[in-house]
Amino acid sequence: GHKASAQALKDAFELNYGRNLEVTMLDVLPLCAPPFNKSDMYYDFMVKHPFLWRGAFAWSSTKWGERVGFAWYKVGLVDNLKKLFLQTSPDLVVSVHPLLQVPSLAALKALRVQQHEPRRIPFATVVTDYTTCHATWFDKGVDKCFVPTVETREFGERRGLTSSQLVMHGLPIRPAFSMLSSNKSRLRQRLGIKRGLNTVLIVGGGDGMGPVEETCVALDNRFEGGEGQIIVICGRNKKLVKSLQKRKWSSNVVVLGFVSNMHEWMSASDCIITKAGPGTIAESLACGLPIMLNNFIPCQEAGNIPWVIDNGVGDYSNEPDEVASTVLAWFRGGLRKMRKKALGLGRPEATFQIVDDLVALIKDTKWEPFKSGIMAKDLSSKFAVTS
C-alpha cells in the first residue's frame with residue numbers, strides 16, 4: 001500500500017511536470033540495521049497472527065514504545081539517510097510510511113549541522129491510512145502533513161500539528177482513476193465481459209488473500225441463471241487462479257491474476273467485495289463502487305469498516321454467505337443511491353493536488369527553478385519519495 005501511494009505520487013509528478021522534475025522512489029529497509037532491514041517479513045508474519053500485531057501496534061503507539069522503538073530503529077538508519085541526502089542533494093523529501101518521520105527529520109537535522117552553509121530541505125508526510133492511524137505518522141517537525149480524511153486530520157491535531165501543517169485532499173491513488181471511462185457498456189465490451197449483467201468485482205489484494213473462493217461460490221449459488229457475472233482478481237496467487245479455473249460455474253465467472261488496469265475493471269463493475277485496505281476503498285469511491293468489506297488488518301484498517309458503513313457506501317461481513325446475500329440485496333434496491341454517495345466521497349483529483357502543494361513547498365524554500373512563478377525548463381528539482 002505504501003509503495004502504491006509513492007508510485008501514484010511519482011506518476012502524477014511526471015504527468016504534471018514532466019522532465020522538469022526528477023523523482024526517485026526509495027525503499028529504506030536496506031538502509032536499516034538488523035532486525036529492521038527485515039521488517040516486511042516480520043510484518044507479514046504478525047498480521048497473520050492478529051494478537052501479535054495488536055500488541056505491537058498498541059505498545060509502539062505509547063510514548064515509551066515510541067522512544068524505545070525509535071532508539072533501536074534509528075541505529076544505522078539516520079547515518080545512512082544523511083549520507084544519501086548528502087549524495088543526492090534532494091530539494092524535497094516525502095515520506096509515505098509511519099516509521100520514517102523521526103529518522104528522516106533526524107538525518108536532515110544532522111546534515112544541516114554538518115554543512116558549513118546549511119541548505120534547508122523541506123520534509124512532508126503523506127498519510128496513507130484512512131481512519132485509524134499509528135501515532136508515528138505525525139511529527140511536529142514536518143513542513144506539511146497530507147491527510148485523507150477528517151478522522152486523520154483530527155488525529156494529527158491531537159498529536160500537536162497545526163492547521164498550517166495539516167492539509168486534507170484525499171488519499172493518493174493512481175492518476176488513471178482521474179481519467180475514467182464514462183461508458184460502462186463500451187468498457188465491458190472492450191474487456192470481453194458481458195454488457196447487460198449485474199457485475200460483482202472480488203479483489204483479494206496483491207496476494208489474493210481472504211475468503212475469495214468461498215465468496216465466489218456463495219455468489220454463484222445465489223445468482224439466478226443469466227442474472228449476474230463475477231470478476232475475480234487474484235493478484236499473484238497462482239494457486240487460487242488454478243483452483244477457480246477448475247471449477248464449473250453457473251454464472252459468468254472471469255478469473256484474472258495480477259492486472260495493471262484495475263481502474264478499468266472497477267469502472268466496469270457495479271460493486272466490489274474486498275478487504276478494508278485504504279487504497280482499494282479510495283479507488284472504489286473514485287469509481288462510484290459500493291463496497292462490501294470482508295476482511296481487514298487489525299488496528300490500522302479496523303476503523304475503515306465503520307467509516308464505510310456510516311457513510312452509507314457499503315457494509316461488512318466475514319461470512320461468505322452473508323456477503324453474497326447482502327450484495328444480491330443491493331441489486332434489488334439501493335445500489336444507485338450508494339453509488340451516488342460513493343462518487344460524492346471519491347477524491348480522484350487528490351494525487352494531483354498533493355503534488356502541486358509539494359511543488360509549492362519547494363517554491364517556498366528554493367527560488368532558482370521558479371522565476372516569476374514559472375519553472376525554468378533547463379533546471380530540475382529532485383524529490384526523494386521514501387516508503
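Presented here is a report on the structure given in the accompanying data block. (Residues numbered from 1 in each chain as written. Predicted model: local features only at pLDDT ≥ 70, side-chain atom pairs only at ≥ 80, totals over all residues. Heavy atoms only, no water.)

### Side note on unusual backbone geometry
The line we're drawing: Helical segments are the DSSP runs of H or I of at least four residues, strand segments are the runs of E of at least two, and each set is numbered from the N terminus.
A positive phi angle is found at Ser-89, which is not glycine, with a value near 50°. Note on placement: Ser-89 falls in the loop between helix 5 (77–88) and strand 2 (92–95). Here the phi dihedral of Cys-299 falls at roughly 80°; this positive angle occurs in a residue that is not glycine. Relative to the assigned elements, Cys-299 resides in the loop between strand 10 (291–295) and helix 13 (304–310).

### Quick look at the packing of aromatic side chains
Here is the rule we go by: For this analysis, a ring pair means two rings from Phe, Tyr or Trp (six-membered ring only for Trp) whose centres lie within 6.5 Å, classed as stacked if their planes differ by under 30 degrees, edge-to-face if by over 60, and tilted for the remaining angles. To sort residues, take the accessible area from a 1.4 Å probe on protein chains only and compare it with the maximum for the residue type: under 20% means buried, over 50% means exposed, and anything in between is partly exposed.
Taken as a whole, this structure holds four aromatic pairs when the rule is applied. Judged by centre distance (5.0 Å) and plane angle (85°), the rings of Tyr-130 and Trp-307 are edge-to-face. With Tyr-130 in the loop between strand 3 (123–126) and strand 4 (144–147) and Trp-307 in helix 13, this pair connects stretches of sequence that are 177 residues apart. Just as Tyr-130 is buried, Trp-307 falls in that class too. Ring centres of Phe-223 and Phe-331 lie 6.4 Å apart, and the angle between their planes is 45°; this geometry places the pair in the tilted category. Within this pair, whereas Phe-223 is found in the loop between helix 9 (212–222) and strand 7 (228–233), its partner Phe-331 is found in helix 14 (residues 320–332), the two being separated by 108 residues in sequence. Residue Phe-223 is classed as buried on the basis of its relative accessible area of 5%.

### Structural notes on a negative patch on the surface
Going by this rule: The patches reported here contain residues having more than 30% relative accessible area and no salt bridge. Joining distances are 9 Å for like charges and 5 Å for nonpolar side chains (Val, Leu, Ile, Met, Phe, Trp, Tyr). Note on areas: these come from Shrake-Rupley sampling with a 1.4 Å probe, and a residue is covered only by the protein chains present in the view. Salt bridge, as used here: a side-chain nitrogen of Lys or Arg that lies within 4 Å of a carboxyl oxygen of Asp or Glu. When charges are counted, Lys and Arg are positive and Asp and Glu negative, with His and the chain ends excluded. Charged groups are reduced to one reference atom each: NZ for lysine, CZ for arginine, CG for aspartic acid, CD for glutamic acid.
Judged by side-chain charge, Glu-151, Glu-154, Glu-157 and Asp-310 come together as a negatively charged surface patch. Broken down by element, the negative patch gets its largest block of residues, three residues, from helix 7 (residues 150–158). Among the secondary structure elements, Asp-310 is positioned in helix 13. Taking the relative accessible area as the measure of exposure, Asp-310 reaches 66% and is therefore exposed.

### Thoughts on the environment of Lys-83
Inspection of the secondary structure puts Lys-83 in helix 5. On the accessibility criterion, Lys-83 (56% relative accessible area) is exposed.

### Re the pairing of strand 10
The two faces of the sheet receive side chains in turn, since in a regular strand these alternate between them. This is how it is decided: In this scheme, strands are said to pair when DSSP sees at least two bridges between them. Here the term right-handed applies to a crossover when the path leading from its first strand over the helix to its second strand runs clockwise, the strands being oriented away from the viewer.
The buried count for strand 10 comes to four of five residues, which makes it a mostly enclosed element. With four bridges connecting them, strand 9 (residues 271–275) and strand 10 associate as parallel partners. By the bridge assignment for strand 10, Ile-273 is matched with Met-292. For the crossover that starts at strand 9, traverses helix 12 (residues 278–286) and ends in the parallel strand 10, the hand is right-handed. Two elements, strand 10 and strand 11 (residues 314–316), share three bridges in a ladder whose sense is parallel. Each residue of the ladder has a partner; that of Ile-291, found in strand 11, is Gly-314. Read as a crossover between parallel neighbours, the route from strand 10 over helix 13 to strand 11 is right-handed.

### Re the nonpolar core
Buried together is how nonpolar side chains tend to be arranged in soluble globular proteins. Here is the rule: What we call a nonpolar core is a set of buried Ala, Val, Leu, Ile, Met, Phe, Trp, Tyr and Cys residues that are connected through their side-chain atoms within 4.5 Å. Pairs of residues are marked as contacts when any of their non-hydrogen atoms sit within 4.5 Å.
Counting 33 residues, the largest nonpolar core has Trp-265, Met-266 and Leu-285 as the members making the most contacts within it. Counting only elements with at least two residues in this core, the list comes to helix 8 (184–191), strand 6 (198–203), strand 7, strand 8 (252–256), helix 11 (262–267), helix 12, strand 10 and helix 13. With four residues, helix 12 is the single largest residue contributor to this core. In this structure Trp-265 touches Leu-191, Ile-193, Leu-201, Ile-231, Ile-233, Leu-256 and Val-259, once residues within four positions along its chain are discounted. Of all hydrophobic cores here, the second largest spans 26 residues; its members include Val-200, Leu-219, Cys-234 and Trp-330.

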